[in-house]
Amino acid sequence: FSIVADGSLGSRLFVIDRTTGLLKVAPIPDSAPNGTTLHPELNYEMLTRTWLTVRVNDSILTTDANVNIVILDVNEPPELLPATLNVSEAALAGTVVSGSPIMGTDVDADQRLSYRIAQQTPSAAFTLDALTGELVVSTSAKLDYEGVNKYFVTVTATDDGKGRLSATQSYLVSILDAPERPVVA
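Residues numbered from 1 in each chain as written. Predicted model: local features only at pLDDT ≥ 70, side-chain atom pairs only at ≥ 80, totals over all residues. Heavy atoms only, no water.

An account of unusual backbone geometry is requested, with residue identities and associated values reported.
Of note, the amide linkage connecting S100 to P101 takes the cis form, showing an omega dihedral of 10°. Here P101 is to be found in the loop between β7 (85–88) and β8 (104–105). In this structure, P122 follows T121 across a cis peptide bond, with omega equal to 10°. The residue P122 is located in the loop between β9 (113–121) and β10 (126–128) in this model. Here the phi dihedral of S59 falls at roughly 70°; this positive angle occurs in a residue that is not glycine. Tracing the backbone through its elements, the reader meets S59 in the loop between β4 (49–57) and β5 (62–70). Even without being a glycine, R164 presents a positive backbone phi close to 40°. (Helix = DSSP H or I, 4+ residues; strand = E, 2+ residues; numbered from the N terminus.)

What follows is the structure, given as structure tokens:
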């Protein structure tokens, strides 16, 4: 058994066992990003089917057969996008943080993401809308630029696909200084 090197995408994506005829996905090329576990060109969102030609030779006769290959979709994890977030120290509870909403993307069609705060330091100064990713000042927040002018909020976005995959990213929320009334002693 052999795959006919005819320049087709299928002839580059698959290898065949010369004795059994078993088709396998070709090894991941050295040019693939580090940590890649699937062949980068074998992606359902880019390619739903391909083909290749298999040649069988028994040392007397040779025949070729076209093999159609259907690519199956698998759930892929979402990605969180970078954001520049800031809010005035004078912001009231419920104020939307500038640069919000925190957004994620998912290459899988028809998947919705849900968002949650995994961690925030130094305190729970913000809440996050699970459906929209909108970050707001919490009711318990007492923002004070002179006390704490940076918060770190770690957000997890989870898709609703099979296996519910997620991505996590930390964001810096800068507290902006606001004019304050002078204190008379």
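Picking up where we left off.
Outline the sheet that holds β5, listing residues and values.
Read from one edge of the open sheet, three strands run β1-β4-β5, paired in antiparallel fashion. Each edge of the sheet is formed by a strand with only one pairing partner; in this case those strands are β1 (2–3) and β5. As defined by bridge partners, β1 adjoins β4 across two bridges and the pair is classed as antiparallel. Across the sheet, the residue bridging to S2 is R55, located in β4. (Pairing = 2+ DSSP bridges.)

Requested: an account of the packing of aromatic side chains, with residues and values cited.
Taken as a whole and assessed by the stated rule, the structure comprises one aromatic pair. With centroids separated by 5.5 Å and ring planes inclined at 90°, the aromatic side chains of F126 and Y151 adopt a geometry described as edge-to-face. One end of the pair, F126, is in strand β10; the other, Y151, is in strand β12 (residues 150–159), with 25 residues separating them in the sequence. (Phe/Tyr/Trp six-rings, centres within 6.5 Å; stacked < 30°, edge-to-face > 60°.)

Could you give an account of the layout of surface pockets, naming the residues involved and the relevant values?
There is about 250 Å³ of room inside the largest pocket. Lining the largest pocket are N43, E76, P77, P78, E79, T105, D106 and V107. Broken down by class, the residue content of the lining of the largest pocket amounts to three nonpolar, two polar and three charged. (1 Å grid on protein atoms, 1.4 Å probe; cavity = no way out; pocket = protein on both sides within 12 Å on 5 of 7 lines; lining within 4 Å. Points joined across faces, edges and corners; volume = space filled by probe spheres on them. Nonpolar A, V, L, I, M, F, W, Y, C, P; charged D, E, K, R; others polar.)

Explain a negative patch on the surface to me, using residue names and the numbers behind them.
Together, D144, E146, D177 and E180 make up a region of like negative charge exposed at the surface. Following the sequence through the fold, D177 ends up in the segment after β13 (166–176). (Patch = residues over 30% accessible without salt bridge, like charges linked within 9 Å, V, L, I, M, F, W, Y side chains within 5 Å. Areas by Shrake-Rupley, 256 points an atom, 1.4 Å probe, with all protein chains shown as cover. Salt bridge = Lys/Arg side-chain N within 4 Å of Asp/Glu carboxyl O. Lys, Arg positive; Asp, Glu negative; His and termini not counted. Charge placed at Lys NZ, Arg CZ, Asp CG, Glu CD.)

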